[in-house]
Amino acid sequence: RIASRHDGAANVFDIDEMNDDEPRNAFERAARSLECPWYVAMMRDAETTLDDLAKSVENDENEDDAFRTKAISALSDIGVETKDAMAIVDHVLSSRARARAPAMAVTHGDARDVIKRTRGGIYDESFLSAIEPLYDLHMGAENMGPLLYAIARFCKPAHVLEVGAGYTSIFLLQAMRDNADEIATYRAMIQRQEARIGDVPWTAPDYDYEKLDASTLHIVDNCAHEHTTAHRVKEVAQALGCESFLRVHVCDAFDSELPSTLAVPDVKYFDLLWIDLGAANRIEGFFDAWWSRVNPCGGFVVVHSTLTNTLSRKWLEKMRKLARDGGRDAETGASPYGEFVTVSFLEPHKMFQNSCSFFQRRQSSWTERTLTKYP
């Protein structure tokens, strides 16, 4: 029960009773949705113009600006705080906009009828439930997982190598599965001649749509880390239907022969290499060993925890200087990695496991092509 004051009189409302009743209009529904049920009681207790306003919005009789002004004033008159009145009115107008949308739907006969919104498995509650057992705070990957998912969805890598398996593995696997679904959708659109907007092609005409048919995430992990969850990756992948994209290599990532002996003879280059070693003092040697296996035409290496620990930072600054100098050592003239670019990201609220650095390999003869005149 709560007490409120209106026009100098104390009123007591039963919150449970207000929650049990069906909302009588759009304002009451909005107050309930915003978890402010006491405002429902105030609306019913006062004689106001709210009922007429509610009917007008339901009948689509008012323009948004005029309605907003009247409604905020009416809510304020019965004692609703101004910021809450604004939130309630915005909710009412948003609900009206959503209700209008189906009536405004248009069939174009092209890509706009098929590609309508962001899609993907990580937006499903079942995905979040399945990966929860893999999370460990020590790994600091709660934001790395979604970031890697977004990069993999955007860049469509066919061959991915992850060093240090666990929580992030499932995000990468889900990205590969979602990419396969997306490409299948585009293939079907092309067959139906829908891969266009009006008369303008929406898809690159020479994109290799078969490239992702054999997409694979190769995982290298010896499963010996104290906080490892790598051994559970297969189990979760099976539960989510992503196991066909997974290949696990149980071995020591620091084996000097591994880059040349890893059992993937069908893969010359990896399009994305994700390194989460937890051994900053050895990252340079590992990076050197694997760089030749990165796709020279825009392949990415992503390294975890590079910015705020002195061991990784020393190496990162060396790499940043090389990148600025076109990949060539200013003193020796040597070019150990060829041309590359780099960018880093920081989670400023964390002490550990709070950053990552991207390195893109760009051999001198390669650049992204130009497809159109306009964006």
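You'll find the structure just up there.
In short, a report on the structure. The residue numbers shown here count from 1 along each chain, following its written sequence. Under the rules for a predicted model, residues below a pLDDT of 70 receive no local features and side-chain atom pairs below 80 are neither given nor counted, while totals for whole chains, interfaces and linings still include all residues. Calculation of side-chain values draws on the structure's entire complement of heavy atoms; hydrogens and water are dropped beforehand.

### Observations concerning the sheet that holds strand β10 (residues 340-346)
Only strands that DSSP links by at least two bridges are regarded as paired with each other. By the criteria applied, helices consist of DSSP H or I runs no shorter than four residues and strands consist of E runs no shorter than two, each listed in order from the N terminus. Here we have seven strands laid out as an open sheet, ordered β7-β6-β3-β8-β9-β11-β10, and mixed in their pairing. Of all the strands in the sheet, just β7 (246-249) and β10 have a single pairing partner and so form its edges. Averaged over all pairs of adjacent strands, the angle between strand axes in this sheet comes to 15°, irrespective of strand direction. Note that strand β3 (residues 159-163) and strand β8 (residues 272-275) share four bridges and pair parallel. Of the residues in β8, the one forming a bridge with Leu 161 is Leu 273. Interaxial angles span 0 to 180 degrees and are taken between N-to-C directions of axes, which are lines fitted to C-alpha atoms, for helices over the stretch in contact.

### Quick word on the pattern of salt bridges
Salt bridges are identified by distance alone: a Lys or Arg side-chain nitrogen within 4 Å of an Asp or Glu carboxyl oxygen. This model, assessed by the stated rule, comprises 18 salt bridges. Between Glu 182 and Arg 153 there is a salt bridge whose closest N-O contact spans 2.8 Å. Placement of Glu 182 in helix α9 (residues 167-191) and of Arg 153 in helix α8 (residues 144-155) is noted, with a sequence separation of 29 residues between them. Residue Arg 153 is classed as buried on the basis of its relative accessible area, which comes to 14%. Across the pair Glu 317 and Arg 320 runs a salt bridge, and its minimum N-O distance is 2.8 Å. Note that Glu 317 and Arg 320 are positioned in helix α13 (residues 310-324) at a spacing of three residues, about one turn of the helix. Given a relative accessible area of 32%, Glu 317 falls into the partly exposed group. Only protein chains enter the calculation, and the probe is 1.4 Å; a residue is then buried if its accessible area is under 20% of its type maximum, exposed if over 50%, and partly exposed in between.

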